[in-house]
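# Architecture at a glance
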Amino acid sequence: MLVTHARQLTFAHLWLAFLAFAVALVLGVWQMWARSPLPAPFVTASTYFSAVTAHGTAMAYVMPVFMIMGFGYYVAETALDRPLPAPRWAWSAFALGLAGALMATVTIFSGRAAVLFTFYPPLTASVFFYLGLVMVVAASWIWCVLMMVAMAQWKRANPGRPVPLAMFATVANAVMWLWTTIGVAAELLFQVIPAALGLKAQLDVGLSRTLFSWTLHAIVYFWLIPSYIAFYTMVPQAAGGRLYSDTMGRLTFILFLIYSLPVGLHHLLMDPQQSNAFKFLQVALTALVSVPTLLTVFTIGASLEIAGRLRGGRGLLGWIGALPWDRPLVLATGLAFLMLGFGGFGGLVNMSYGMNAMVHNTSWVTAHFHLIFGGTVVIMYFAIAYAIWPAVTGRAAPSLAAQRLQLWLWFAGMLVMTLPWHYLGLLGQWRRVATFNYADPIIAGWGPWVVVSLIGGVILLGSGLLFVLNLLQFNVSREPHAAAPGELYASAVHPPARVPAALNGFRLWNALVLVLMILAYGYPIAQFFVGDSPQALVHRVDERR
Amino acid sequence: MNDPDRLEQPWRLWASVAILSVFAFSVLFGFVLMPVMQGRAAGIDAFEAICRALGITPGSPAARQPTTNAKAQPATRVAWSADLLNSLTKATAAGESLAGSCAGCHGRDGRAVEVKLYPDLAGQSAAAIYKQLHDFKTGSRPSALMTPMVQALTEEQMVAVSAHFAAFPVRPIPAAQLPAAGAAIEGLVARGDSGRGMPACNACHGDQSGGPTEAPRLSRQSREYLAAQLRAFKTGERRNDIYSRMRSVAAPLTESEIDGLALFYASTRTY
């Protein structure tokens, strides 16, 4: 089994991702501290919003992009059992992304980009901030092409055989990401960057918010899909069982590709520039994202049941106790599903027009995406890293107990942080705010819950640092890793001998995505060009007086 | 089953049918049924309700458009536009010839002849000067001295004179004449006071732009002039600040804080 170019590529990409993650984690805890009633150092509005911008940029763009690229290279070699095509391009993409991330970071920390990671035009930061992010995204585009080329070459060499599920899903994510980034790329290239360069004095905020919404929901699935790849292809193997259904896996990833894109208007339910009917349409399509989610809960549940029963579990629920919970990947999956349950419930509230109206500008939303992304997704990133690090470093894990402790701490910290945070949102605590006036009798009551939430943040910081330490431990480990990396992936109960082309490629699904995007986003975008649309004055935040 | 088309065709067909039927259902429900029913309850005819749901005509399909007879009373009548801001960046000969009549108080080079009474205009933001001229003229900021002075000025002349004075270099700071304002005042500038619902002065008047377009630069104005303006906002005597931003910030300030803040800005370089 083969890990050639991926060994160093994955090592470099994941370390960069986790370094960005560690820095952003420290900033995150400081931000919670600043918002709490406890006196925090360095707090001014401008330091706070610069920190939030850095935290969001690192956590939403840099960390997941590099994590997904690194994991993708690993999957492309191990699942296809072929060397990666064009490793030089992969390294160029890495260099481009690294340069972009550094450029954005320097711009943020010089105080010239406090516009948060969602940009909020007409606020306009230094152009180097946006160019840095464009470079990160361009790097990921190179990765997308490499993934598609790798799959195409494999298919040519193996005519009629089904693409291994892990690679099929990775390419599904690459294809989806290319679709996803069209929105934000159009916003940056045609609106925000010309404004930052001083070429435009005003821009259409309705249009830019609509374009960003194109990206804003699908990006979440871009982050999420590596976790789902682990659920389908790695977890059944780690649990000692088999994947219940390979076809369910393929359908799930295809449904994510289709239904994560024409749904972004549900982020704009409170925005006036879009009409009720198109909001309704996209909310209805949003509801269908529950289908692949429930398919996954069922399939992974069934796969784990197979594993539990093979290990001697008996009775209706006895198989649960029989599962090898001491293995980090299995433990992380259990914890991720619990967080997905809470987070999914919150998400249903957000996508419902009436309930969203009550929580839209409150901490509920911030808490929701921390629970889903920081919880379900990131805990699986940890587990994936633990699972592939032996093959990447060639050393065995020195301590599984430390890995388990880290995962439990992350789970506990995430619940302690986000559950009170949700509650604060219901109490009316607004988001995008640096500090609160705890002398106000209404706000004073929030104080204790904010402190509890901060404690959750501190636990998360401890867990995150332990994670970095656990990875470093591999380097001091003297025990060589013996097992072949291909053993990571589970085979299905009925391994597919042959699948229809529709489940082995993306041509049909791309056509359907195109149709759905034209129907769902065509008029909502075209309206800004057919009628008179109000323009907002560019508001620079990067100039010195 | 060896014919690839027989394996493929149902996938193409049924996937498209399934996805398009979901879409058709959503369209029927969201574009027709719901607006028509909501419109009926609100007394809006079906066609209008559907147009509103689609966003072709304004308003909600579920409610009549609210109407009001109230007259708006804006704090200022200045409306910023890209053209206006652009023209404010260009100093012209017209501005120079107009400036002669300002020089009696504000100085030829924008440095006031009596700093305790009149503000320096040299190096001030042109948008801030223009906003005040406009407000003097429209009565948003009535002044026995300034209102008659600007009555005769046209829009273009106000722009020209603002751009003219903004182009002069700022007054050099007097070396070591003023005492330091102290940590409490610097705290107000940097962080405000959440206990009194006061945002930081820096939120709008910081060394980085980010505040409203019309926010003036404050450094090196005289202590007396700055303190007088803060007191005018505090008492409500001056009321040309949009959303009463300055009135609400100045209201909870104590007399000594007003003097401290005035001292801070008079003696610092970059605000």
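Residues numbered from 1 in each chain as written. Chains lettered and ligands numbered in written order. Predicted model: local features only at pLDDT ≥ 70, side-chain atom pairs only at ≥ 80, totals over all residues.

### Considering the overall build of chain B
- Counting secondary structure elements, chain B contains 13 helices and 0 strands.
- Written out in order from the N terminus, the α and β elements of chain B read α-α-α-α-α-α-α-α-α-α-α-α-α.
- Against the globule reference of 18 Å for 271 residues, chain B gives a C-alpha radius of gyration of 29 Å, more extended than a compact globule.
- Across its three principal axes, chain B shows a C-alpha extent of roughly 95 × 45 × 40 Å.
- A buried classification covers 34% of the 271 residues belonging to chain B. (Helix = DSSP H or I, 4+ residues; strand = E, 2+ residues; numbered from the N terminus. Rg over C-alpha atoms; globule rule 2.2 N^0.38 Å. Buried ≥ 20, exposed ≤ 12 C-beta atoms within 10 Å, placed from the backbone.)

### Considerations on the overall build of chain A
- In terms of regular secondary structure, chain A is built from 17 helices and 4 strands.
- Taken against the 2.2 N^0.38 rule, which gives 24 Å for 545 residues, the C-alpha radius of gyration of chain A at 23 Å falls within 12% of a compact globule.
- Evaluated residue by residue, chain A yields a buried proportion of 54% over its 545 residues.
- Within chain A, counting contacts between residues at least 6 apart in sequence, those at least 24 apart form 86% of the total. (Contact = placed C-beta atoms within 7 Å.)

### Quick notes on helix H9 (residues 183–191) of chain B
Residue and element names in this part refer to chain B.
- All buried positions along H9 are accounted for by Ile185, Leu188, Val189 and Arg191.
- Those residues of H9 that are buried are in contact with helix H10 (202–205) and helix H13 (255–266).
- Of the residues flanking the end of H9, it is Gly192, one or two places downstream, whose phi is positive at about 70°.

### Points about the nonpolar core
- Counting residues in each nonpolar core, the largest one holds 222 residues, and the members touching the most others are Ala172(A), Ile379(A) and Phe382(A).
- A per-element tally of this core places helix H2 (residues 45–80) of chain A first, with 23 residues.
- Each of domain 1 (13–64) and domain 3 (183–266) of chain B contributes no fewer than three residues to this core.
- For Ala172(A), the contacting residues outside a window of four places in its chain are Phe253(A), Ile254(A), Phe256(A), Leu257(A) and Phe506(A).
- Core analysis: the next-biggest nonpolar cluster, separate from the first, contains 20 residues, Ala128(B), Ile129(B), Val161(B) and Phe165(B) among them. (Core = buried A, V, L, I, M, F, W, Y, C linked by C-beta atoms within 7 Å. Domains from an automatic or database assignment.)

### Concerning unusual backbone geometry
- A cis amide bond, omega 10°, links Pro121(A) with the succeeding residue Pro122(A).
- Mapped onto the elements of the fold, Pro122(A) is located in the loop between helix H3 (87–109) and strand E1 (123–124).
- Positive phi values are uncommon outside glycine, yet Phe42(A) reaches one of about 65°.
- Mapped onto the fold, Phe42(A) is located in the loop between helix H1 (5–35) and H2.
- One non-glycine residue, Arg220(B), lies in positive phi territory at about 70°.
- Relative to the elements of secondary structure, Arg220(B) occurs in the loop between H10 and helix H11 (223–235).
- Judged by the 23 C-beta atoms lying within 10 Å of it, Arg220(B) falls in the buried class.

### Quick look at the interface of chain B and chain A
- In this assembly, 39 residues from chain B lie in contact with 36 residues from chain A.
- The set of elements that each furnish at least two residues to the side of chain B that touches chain A consists of helix H1 (4–42), helix H2 (46–54), helix H3 (82–87), H9 and H10 of chain B.
- Considering each element in turn, the side of chain B that touches chain A owes the most residues, 15 residues, to H1(B).
- Per-class residue counts for the side of chain B that touches chain A are 19 nonpolar, 15 polar and 5 charged. (Nonpolar A, V, L, I, M, F, W, Y, C, P; charged D, E, K, R; others polar.)

### What about the packing of H11(B) against H13(B)?
Residues and elements named next belong to chain B.
- Close contact between H11 and H13 brings their axes to 8 Å; oriented N to C, the two are set at 135°. The angle between H11 and H13 places the two elements in the oblique class. Between H11 and H13 lies a crossing whose hand is right-handed. Contacts between H11 and H13 involve Arg223, Leu226, Ala227, Leu230 and Arg231 on the former and, on the latter, Ile258, Asp259, Leu261, Ala262, Leu263, Tyr265 and Ala266.
- Among the residues forming the contact of H11 with H13, the class breakdown is 9 nonpolar, no polar and 3 charged. (Axes fitted to C-alpha atoms, helices over the stretch in contact; angles between N-to-C directions. Parallel < 35°, antiparallel > 145°, perpendicular 65-115°, else oblique. Left-handed = near helix turned anticlockwise from the far one by under 90°.)

### Quick look at the domain arrangement of chain B
- Looking at the assigned domains, one finds that chain B contains domain 1 (13–64), domain 2 (82–166) and domain 3 (183–266).
- Using C-alpha coordinates to define each centre, domain 1 of chain B is positioned 54 Å away from domain 2 of chain B.

### With respect to the packing of helix H14 (residues 400–427) of chain A against helix H16 (residues 447–476) of chain A
Residue and element names in this part refer to chain A.
- One way to put it is that H14 packs onto H16 with a least axis distance of 8 Å and a crossing angle of 155°. Classified by the interaxial angle, the pair formed by H14 and H16 is roughly antiparallel. In the packing of H14 onto H16, the handedness of the crossing is left-handed.
- Of the residues assigned to the contact of H14 with H16, the class counts are 20 nonpolar, 9 polar and no charged.

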